[in-house]
Amino acid sequence: SQQGEEDPQALSIQEGENATMNCSYKTSINNLQWYRQNSGRGLVHLILIRSNEREKHSGRLRVTLDTSKKSSSLLITASRAADTASYFCATDDRDNYGQNFVFGPGTRLSVLP
Amino acid sequence: DTGVSQDPRHKITKRGQNVTFRCDPISEHNRLYWYRQTLGQGPEFLTYFQNEAQLEKSRLLSDRFSAERPKGSFSTLEIQRTEQGDSAMYLCASSPAIAGGPGTDTQYFGPGTRLTVL
């Protein structure tokens, strides 16, 4: 089974609204990353948050990490049509020397104009 | 920076044939990763190299799969005796290794090779 599980599987919002996606994982981690994938640009790294960090910002992106609940959230504010994509979280496995880099199944976000 | 390139972009083959894919990473990156992705799923890690050394190999990588990175630059992924279940997108990524495992790296992905096994 996959380490990361995103929730919801699919999300549809209007342009300008905020989008929140959640990720849960099973093992202890060193880092958690979020990636975006759309047909035009392939997989692109968005942000990395370390296990000792609780929140990180990058432009319109805000990522939180709760290691006690083994969960993370990605918030995209003021969404745009260009944000339409699949979003994946990915984690390593601290108990396996940081190996086992695993992606979740993703959240498919549609931003309607 | 020309990015990660993969060749071919599409491959159609018949069951039982062997196929080989190539990945050229970003030139100064010493880590190279292979993933497989099926429709509606996230990428599944297959293996990764640091320079020419293959450091980690997933249990998903059956004996029919082999990857090489002979000079620490480009890499090849070969699938022998292909099966219909091998149909997927095969993604390559590279990263400049910092201390620690793959989770510490920002990985730069190529466009992928789509394999269809008839």
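In case you missed it, the structure is sitting above this.
Anyway, here's the lowdown on the structure attached to this text. (Residues numbered from 1 in each chain as written. Chains lettered and ligands numbered in written order. Predicted model: local features only at pLDDT ≥ 70, side-chain atom pairs only at ≥ 80, totals over all residues. Heavy atoms only, no water.)

Take the packing of aromatic side chains next. The tally for this structure, following the rule as stated, stands at 13 aromatic pairs over all chains. Considering the side-chain rings of A:Phe101 and A:Phe103, the 5.6 Å spacing of their centres and the 80° angle between planes classify their relative orientation as edge-to-face. Across the pair, exposure class does not vary: A:Phe101 and A:Phe103 are buried alike. Seen in terms of ring centroids, A:Phe103 and B:Phe109 are 6.2 Å apart; in terms of plane orientation they differ by 80°. Their pairing is edge-to-face. Separated into two different chains, A:Phe103 in strand β10 (residues 99–103) and B:Phe109 in strand β10 (residues 108–109) make up a pair that spans both. What makes B:Phe109 buried here is its relative accessible area of 11%. Here a set of aromatic residues connected by ring pairs shows up, and it is made of A:Tyr35, A:Phe88, A:Phe101, A:Phe103, B:Tyr33, B:Tyr35, B:Phe45, B:Tyr48 and B:Phe109. Its guanidinium or amino end placed over the ring of B:Phe74, B:Arg22 lies 3.9 Å from that ring's centre, counting from NZ or CZ. (Phe/Tyr/Trp six-rings, centres within 6.5 Å; stacked < 30°, edge-to-face > 60°. Buried < 20%, exposed > 50% of the residue type's maximum accessible area, 1.4 Å probe, protein only. Helix = DSSP H or I, 4+ residues; strand = E, 2+ residues; numbered from the N terminus. Lys NZ or Arg CZ within 6 Å of the ring centre and 35° of its normal.)

Right, let's talk about unusual backbone geometry for a bit. Between B:Asp7 and B:Pro8 the backbone carries a cis peptide bond, its omega angle lying at -5°. One non-glycine residue, A:Lys70, adopts positive backbone phi at about 50°. Positionally, A:Lys70 belongs in the loop between β7 (61–66) and β8 (71–76). Positive phi, normally seen in glycine, also occurs at B:Arg81, with a value near 50°. Positionally, B:Arg81 belongs in the loop between β8 (75–79) and β9 (88–95).

This paragraph deals with the sheet that holds β8(A). All names here are of chain A. Pairing is antiparallel across the open sheet formed by five strands, whose spatial order is β1-β3-β8-β7-β6. Sheet topology places β1 (5–7) and β6 (55–58) at the edges, where each strand pairs with a single neighbour. Strand-to-strand twist across the sheet, computed as the mean angle between neighbouring axes with direction ignored, equals 20°. Here β7 pairs with β8 via six bridges, running antiparallel. Note that in β8 the partner of threonine 64 across the bridge is serine 73. (Pairing = 2+ DSSP bridges. Axes fitted to C-alpha atoms, helices over the stretch in contact; angles between N-to-C directions.)

All right, on to the pattern of salt bridges then. All names here are of chain A. Inspection of every chain in the model, using the stated rule, returns eight salt bridges over all chains. Between arginine 60 and aspartate 83 there is a salt bridge; the shortest N-O distance is 2.9 Å. With arginine 60 in the loop between β6 and β7 and aspartate 83 in the loop between β8 and β9 (85–93), this pair connects stretches of sequence that are 23 residues apart. The partly exposed category is assigned to arginine 60, whose relative accessible area is 22%. (Salt bridge = Lys/Arg side-chain N within 4 Å of Asp/Glu carboxyl O.)

Structural measurements only, silent on function.
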